[in-house]
Amino acid sequence: MLAFKPVILWTDALIYVLIAVAAVFAWHVRRREHLLAPWKRVAHSPSGMASLVVLVFFVAAGLLDSVHFRPALEAKNAGEPVYSVDVLSLLDVVTTDLRQRTEKTYSAPFAAHLFAKETVEHPDGTQVREFPRLRFGAAHLKDPERELAADVLANGGRGVLAGIALWLAVVVGFTAGLAAGSRRSVSATWSAIWRGGTEVPWRAVYVALAVMLVLAGATVALAAKYHVFGTDKVGQDVLYLALKSIRTGLVIGTLTTLVMLPFALLLGIMAGYFRGWVDDVIQYVYTTLSSIPGVLLIAAFILMMQVYVETRPDLFDTTAARADIRLLFLCIILGVTSWTGLCRLLRGEALKLREMEYIQAAHAFGVSHWRVITRHILPNVMHIVLIAVVMDFSGLVLSEAVLSYVGVGVDPSMISFGTMINAARLEMAREPMVWWSLAAAFVFMLALVLCANLFADAVRDAFDPRVRTLRLEPAAAGGEAKA
Amino acid sequence: MSAASRRELLQVADLRTRLHTGDAVVRAVDGLTFSIGRGETFALLGESGCGKSMTALSVMRLLPEAGQVAGGTVRLDGTDLLALPEVAMRGVRGRRVAMIFQEPGTSLNPVLTVGEQIMEVLDRHTPLRGDAARRRVIELLEQVGIPDPVRRVGEYPFHLSGGMKQRVMIATALAGEPDLLIADEPTTALDVTIQAQVLELIRSLQARTGMAILLITHDLGVVSEMAHRVAVMYAGEIVETASRERFFSSPAHPYSRKLFDSLPRQGKRGANLAVIRGAVPPLTREFGGCRFADRCDFAWDLCRGTVPPAVALEDGQTVRCHLYSEPRAESGGRRDQSRDEGEARRAEGPASGQRSAVSGQASAPSLAGSEAQLLKVAELKVHFPIHRGLFKRVVGQVMAVDGVSLGLAPGRTLALVGESGCGKTTVAKGILRLIPPTAGSVRFAGVDLAGLAPAELRVRRAEFQIIFQDPYASLNPRMRVVEIIEEGMTALGVGGSGTGRWQEVDRLLGQVGLPPEAKFRYPHEFSGGQRQRIAIARALAVNPKLLICDEPTSALDVSVQAQILNLLKELQERLGLAFLFITHNISVVEYLAHEVAVMYLGRIVEHGPVEEVLNRPKHPYTRALLSAVPVIDRETKREVIRLQGDLPSPANPPAGCHFHPRCPQAMTECREHYPGVTQLAPGQEVRCFLYGSGETTAS
């Protein structure tokens, strides 16, 4: 018998499919030199590689949070194991301490006391209104006023050192691996990396990794004894909330894009390429769709879906499953309502491209419309798609926050940047201000979106053949070549 | 230098301009020295990328962000422009030095009226205001020959044709009464008849105002028509300066001579055009020797090791070439000119030896060879409906092609000549059915293409292919060369599959003179000429019998144009291809074509063998068109027949003969009927009442 029962939520399944597709694509590209070349150029961009390192941390958190299961309970029902109704993820297991150490209500980062005054009964029987000590935060300190700062520094310092140690181990191991791969001595490889003389900018990767590991080390060390980002209204650790929000953000950013892309690509290119009545129909559809207030459409859809879910408890047996299906439908409806902008852009681009002479030449060869679209038009609009998708990524994460405010966003039980911001919003007017929820959400979102933007920039540059001309020396073959 | 007594207006000394692009510094202008006298037209001649425009922008101090003048002086009447503060420079621009640009369409602001744009200059540089300014604007428009200037003042640029816009640009430039006018390729974007008008205008304005002109151009013909003195620029420096007479009678620098040799001309029909091998060296590197050495037929060790000094020859001619720095070399250089051509021909490949003999024969079979017509176009019409209103009602037709008939035999070249907007390209697309024809028939090898179902047409597409004008737009930038060439083969199922096809691609690349390694590279890694070769290889991949060339060389420099024309000629002889050659460049027609058809506003007005049509043109339009072409030999100076106005709109062609409003010989019946076809000789036809009425057709 198992100690747990695996649960595959809908969004989990889609994420697995996405990973599988990415893996197949990578395998396909690896074997073809000319397809691999632009990706190698991505690997040559320092900012791209540094942001990739940060992204890896985010994606790792998101993936850990995408493996769900229901733990078995102590109690047994006629020999059959009974599983908890709580669906946990691997991330929950890793952060069990964070998850379970809830305070009563708000507390500031690194605080030893609660943020609200309470009437506390002292051992001598007197009742005093004061800020009570936290149950977990800084609980090990006798006199927080005097000891707190020193203890935070000591713990943080230990965490930093641990981070540096881990970094050294990784870096030395990796450098040795590189040296073995290129048949050079470790020290030569090492100095080449620090001089910035390697093809792949390992120096940038190492620096980014150092920053991440030092931050992670300090956070881990401190999180064991303090609430690094404070606690929220119901006393949950904000760091835990932020970590859990990563998956929601990634799911909304990626799955919505996947829903939106086929509409935008197919319809936009078709409208621009075929023109005539096809163009008219598609234009009327997206003009109509974009004149309906998106929030209205989303609200109607989400509420309808909610009724459907609630009338079928057999299909969605846990809270997590219900919250998840709501997230999925949110992605779908966001995708359905947000393709019009990109579609309009692509239509214009396709209108321009269809008059290009290489498309005319393809027509002269009798190349079919489908092939013209996939081989000539699609690759030439990909840069627009890439930019639009990355821009949308941050926009979608934000619109999730707005929708949560209206009450049609993700399920209230699901932790997301939107719900965090929404909860924090209410406390911004308070004096003294409760700022840490918002700050945590802000820092995490900023890091995520900024890295995604920088990485997408590197990808776009690498895939644009015209950008390359400036860097490459004209090859000697052919005799005449233009600089 | 030449006339020290003459007061120089502009003196540029050792001008050096750098462009900071990416990680390399481009020495766009590298040590330029020249001077322009008052009332003089000084032509800066050179191929694209040699730094002509950068020179102009440096003088105006209008360099792009990445540009920087690294040294030298630019003196206008003794004042060093480069030392002036920006505020003072604004007083110079427009007032002392004015500039007109190449593209009239984009150098006028579309949301300002013509009057407002000229007024802007008056506002800045003259005390004229209000009514006085308005009167001055009208006066200026009158000066540049714009009809009905009072009305035009309030019109927007989109109301005007290209030639009119360029006139307005000139009026704007003249508004400040500048001492120096910089004209950067002022007529390159215009048709020959309009070009003749604009050049004539600039000349007459110069005679009236006595301003100096710095004319920047790549066109030897324009230089010959306009310039007093010529400087040839190559790779950022001036390689030769001479008076026009001297330059055209005895060009000194090997590069200048090559430029002349690479011009296509009727006299060179049998032979190959001279080509300058290689390409302009990248300007990112330092030059230790002569910049032209790698492409020069006379280069020896000295040329590669030592920078040649500017040598003064007689009559004010200076040249930067070692051939002239010592007496021995000079005579050697002159003597070797014939050897040079011989070498160039040898370098072209083994096929060239027999070429002249073959083409001599090829011109022998006369037009009577119509018994085996490959392509027979009859009464082809392509009309585009004009939609208006909410329900897209058809309110009219743009008659882009309005009854064109052509015939083309295998192995022959038919040139379709006409100004832009006359429907040449639409004829090509109509024949290929890239645009569905409205009426008429296109019989290719006996089958009417216009009536074929799409599936049947696809099968036949291998037999006729097209090469486009712009080699930068005709290759998909995201595809490698091999994929570009394979595309047609895959679509039409020719050339086998797998490795067999790659061998075929290698063979095709070899055929157009590119190495097999080229197939794994992307189009942007090639120069314009190489890209055009790739486009030719792509068309040849499906073994066509007919190749439609839509201005294949008009986007290329003369020396590269020569390479492509040589290649096309060689391919025709080797593969027996028929060419439908669409162009506005008469010299290319003279060199390549067997027959010529002249198009005006959707119809062919004259059609016949190339010698007849070009040497003894019948139709007044053909005559005007030919006379407007700038010629290099001033001895054979002919009377330019100036056409009034512009090409009318094909949506609303004039009644009667379409040409009558511009025709100097228009008669009353021209206004009423469209002339029918008059057969002058077998194969020569003209549609003009001057040669009998033919079968008159109502227009």
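What you see is a predicted model; the values in this text were computed from it and never measured.

## Notes on the overall build of chain A
Counting secondary structure elements, chain A contains 17 helices and six strands. Dimensions of chain A along its principal axes, counting C-alpha atoms only, are 95 × 65 × 55 Å. Within the span of chain A, comprising 483 residues, buried residues form 44% of the whole. Counting only carbon and sulfur atoms, one obtains 68% of the accessible surface of chain A, whose full area is about 24300 Å². Across chain A, 43 positive and 39 negative side-chain charges occur, with their mean positions spaced 7 Å apart.

## As for the sheet that holds strand β20 (residues 578-583) of chain B
Residues and elements named next belong to chain B. On the basis of which strands lie adjacent, the open sheet formed by eight strands has the order β18-β19-β20-β15-β21-β22-β24-β23 and mixed pairing. The open sheet has two edge strands, β18 (464-467) and β23 (678-681), and neither has a second partner. When strand polarity is set aside, the average angle formed by the axes of neighbouring strands in this sheet is 20°. Examined bridge by bridge, strand β19 (residues 546-550) and β20 share five bridges and lie parallel to one another.

## Focus on the environment of Thr41(B)
Residues and elements named next belong to chain B. Locating Thr-41 in the fold gives a position in strand β3 (residues 41-45). Distance in space between the C-alpha atoms of Thr-41 and Ala-212 is 5.8 Å, their sequence separation being 171 residues. Excluding its chain neighbours within four sequence positions, the residues that come into contact with Thr-41 are Gln-206, Ile-213, Leu-215, Met-226, Ala-227, His-228 and Arg-229. Side-chain polar atoms of Thr-41 contact the side chain of Gln-206, separated by 2.8 Å.

## Section: the pattern of salt bridges
For the structure shown, the criterion picks out 45 salt bridges over all chains. With its nearest N and O atoms 2.7 Å apart, the salt bridge here joins Arg347(A) to Asp279(A). Placement of the pair is Arg347(A) in helix α12 (residues 319-354) and Asp279(A) in helix α10 (residues 276-291), with a sequence separation of 68 residues. Considered together, Arg347(A) and Asp279(A) belong to a single accessibility category, that of buried residues. In this structure, the salt-bridge partner of Arg246(B) is Glu314(B), at a minimum N-O distance of 3.5 Å. Note that Arg246(B) is positioned in helix α10 (residues 244-249) and Glu314(B) in the loop between β11 (310-312) and β12 (318-320), a separation of 68 residues in sequence. Taken together, the shared-partner salt bridges in this structure form one network comprising Arg18(B), Asp30(B), Glu237(B) and Arg291(B).

## Topic: the packing of α12(A) against helix α14 (residues 369-406) of chain A
Residues and elements named next belong to chain A. Where α12 contacts α14, the axes come no closer than 10 Å and their chain directions differ by 150°. The orientation of α12 relative to α14 falls into the category roughly antiparallel. Note on packing geometry: the crossing formed by α12 with α14 is right-handed. In contact with Leu-330, Leu-334, Leu-342, Leu-345, Leu-346, Glu-349, Ala-350 and Leu-353 of α12, α14 contributes Ile-377, Asn-380, Val-381, Ile-384, Val-385, Ala-388, Leu-396, Ser-399, Glu-400 and Leu-403. Taken together, the residues that form the contact of α12 with α14 break down as 14 nonpolar, two polar and two charged.

## A few points about the sheet that holds strand β2 (residues 24-37) of chain B
All names here are of chain B. Here we have four strands laid out as an open sheet, ordered β2-β1-β4-β5, and antiparallel in their pairing. Of all strands in the sheet, those with a lone pairing partner are β2 and β5 (79-80), marking the two edges. Pairing between strand β1 (residues 8-21) and β2: 11 bridges, direction antiparallel. Bridge pairing in β2 places Leu-15 opposite Leu-32. On the sheet, helix α1 (residues 52-60) packs against β1, β2 and β4 (67-76) and is oriented at approximately 110° with respect to β1.

## Here we look at unusual backbone geometry
Residues and elements named next belong to chain B. The backbone of Asp-148 sits at a positive phi, close to 55°, despite the residue not being glycine. Here Asp-148 lies in the loop between α5 (130-143) and α6 (149-152). Given a relative accessible area of 40%, Asp-148 falls into the partly exposed group. The phi torsion at Arg-433 lies on the positive side, around 60°, for a residue other than glycine. Assignment of secondary structure puts Arg-433 in the loop between α16 (424-432) and β16 (439-444).

## Considering the packing of helix α9 (residues 238-274) of chain A against α14(A)
All names here are of chain A. Packing of α9 against α14 leaves a shortest axis separation of 8 Å and a crossing angle of 140°. Judged by the twist between their axes, the crossing of α9 over α14 is right-handed. Its residues assigned to classes, the contact of α9 with α14 comprises 20 nonpolar, six polar and two charged.

## Thoughts on the interface of chain A and chain B
Between chain A and chain B, the contact holds 33 residues from the first and 42 residues from the second. Interface area, chain A with chain B, both sides summed: about 3600 Å², of which 53% is carbon and sulfur. At the surface where chain A touches chain B, the tally comes to zero salt bridges. When residues of the side of chain A that touches chain B are assigned to their parent elements, the largest contribution, seven residues, is made by helix α13 (residues 357-364) of chain A. In terms of residue class, the side of chain A that touches chain B is made up of 15 nonpolar, nine polar and nine charged.

## Some thoughts on the packing of aromatic side chains
All names here are of chain B. Scanning all chains against the criterion turns up 27 aromatic pairs over all chains. With a centroid separation of 5.1 Å and 85° between ring planes, the pair formed by Tyr-234 and Phe-292 is classed as edge-to-face. Of this pair, Tyr-234 sits in strand β9 (residues 229-234) while Phe-292 sits in the loop between α11 (254-261) and α12 (301-305); the two residues are 58 residues apart in sequence, bridging distant segments of the chain. Using a relative accessible area of 1% as the deciding quantity, one classes Tyr-234 as buried.

## Some remarks on helix α18 (residues 481-492) of chain B
Residue and element names in this part refer to chain B. With 11 of 12 residues buried, α18 is to be regarded as a mostly interior element. Listing the buried residues of α18 in full gives Val-481, Val-482, Glu-483, Ile-484, Ile-485, Glu-486, Glu-487, Gly-488, Met-489, Ala-491 and Leu-492. Remark: Gly-493 follows α18 within two positions and exhibits a positive phi of approximately 65°.

## Overview of α13(A)
Residues and elements named next belong to chain A. With seven of its eight residues buried, α13 lies for the most part within the structure. Of the positions making up α13, those classed as buried are Glu-357, Tyr-358, Ile-359, Gln-360, Ala-361, Ala-362 and Ala-364. Looking one or two residues past α13, Gly-366 carries a phi angle of roughly 70°, positive in sign.

## Details of the state of the cysteines
Residue and element names in this part refer to chain B. This structure, assessed with the given rule, holds zero disulfides over all chains. The thiol of Cys-663 is not disulfide-bonded; the next cysteine sulfur, from Cys-670, is found 6.2 Å away. No disulfide involves Cys-688; its nearest neighbouring cysteine sulfur is the one of Cys-670, lying 6.1 Å away.

## Some details on a nonpolar patch on the surface
Residues and elements named next belong to chain A. Taken together, the side chains of Ile-8, Tyr-16, Ile-19, Val-59, Leu-63, Leu-64, Val-67, Leu-90 and Val-94 define a hydrophobic patch exposed on the protein surface, amounting to about 710 Å² of accessible area. Elements supplying a minimum of two residues to the nonpolar patch: α1 (10-30), α3 (46-64) and α4 (90-94). When residues of the nonpolar patch are assigned to their parent elements, the largest contribution, three residues, is made by α3. Mapped onto the fold, Leu-64 is located in helix α3. Using a relative accessible area of 32% as the deciding quantity, one classes Leu-64 as partly exposed.

## Regarding the confidence of the model for chain B
Residues and elements named next belong to chain B. Here chain B averages 84 in pLDDT, and 90% of its residues register 70 or above. Long-range and interchain partners of residues 1-5, a stretch whose pLDDT sits below 50, account for four contacts in this model, where long-range means more than four residues apart. Predicted confidence for residues 328-370 stays below pLDDT 50, and this span has 47 contacts to residues more than four positions away or in other chains. Reported for the predicted complex are a pTM of 0.79 and an ipTM of 0.79.

## Re the confidence of the model for chain A
For chain A, the average pLDDT comes to 86, and 96% of its residues sit at 70 or higher. Taken as a whole, residues 468-483 of chain A scores under 50 in pLDDT and shows 29 contacts with residues more than four places along the chain or in a different chain.

## Structural notes on the environment of Asp448(B)
Residue and element names in this part refer to chain B. By the secondary structure assignment, Asp-448 is in strand β17 (residues 447-448). Considered as a pair, Asp-448 and Leu-375 are 73 residues apart in the sequence and their alpha carbons are 9.8 Å apart. Discounting residues that sit within four places of it in the chain, Asp-448 has contacts with Ser-441, Val-442 and Arg-443. A polar atom in the side chain of Asp-448 sits 3.1 Å from the backbone nitrogen of Val-442.

The rules behind the values
Residues numbered from 1 in each chain as written. Chains lettered and ligands numbered in written order. Predicted model: local features only at pLDDT ≥ 70, side-chain atom pairs only at ≥ 80, totals over all residues. Heavy atoms only, no water. Helix = DSSP H or I, 4+ residues; strand = E, 2+ residues; numbered from the N terminus. Buried < 20%, exposed > 50% of the residue type's maximum accessible area, 1.4 Å probe, protein only. Areas by Shrake-Rupley, 256 points an atom, 1.4 Å probe, with all protein chains shown as cover. Lys, Arg positive; Asp, Glu negative; His and termini not counted. Charge placed at Lys NZ, Arg CZ, Asp CG, Glu CD. Pairing = 2+ DSSP bridges. Axes fitted to C-alpha atoms, helices over the stretch in contact; angles between N-to-C directions. Contact = heavy atoms within 4.5 Å. Polar contact = N/O pair within 3.5 Å; in protein donor to acceptor, adjacent residues only side chain to side chain. Salt bridge = Lys/Arg side-chain N within 4 Å of Asp/Glu carboxyl O. Parallel < 35°, antiparallel > 145°, perpendicular 65-115°, else oblique. Left-handed = near helix turned anticlockwise from the far one by under 90°. Nonpolar A, V, L, I, M, F, W, Y, C, P; charged D, E, K, R; others polar. Buried area = accessible area lost by both parts, 1.4 Å probe. Phe/Tyr/Trp six-rings, centres within 6.5 Å; stacked < 30°, edge-to-face > 60°. Disulfide = S-S within 2.5 Å. Patch = residues over 30% accessible without salt bridge, like charges linked within 9 Å, V, L, I, M, F, W, Y side chains within 5 Å. pLDDT = per-residue confidence, 0-100.

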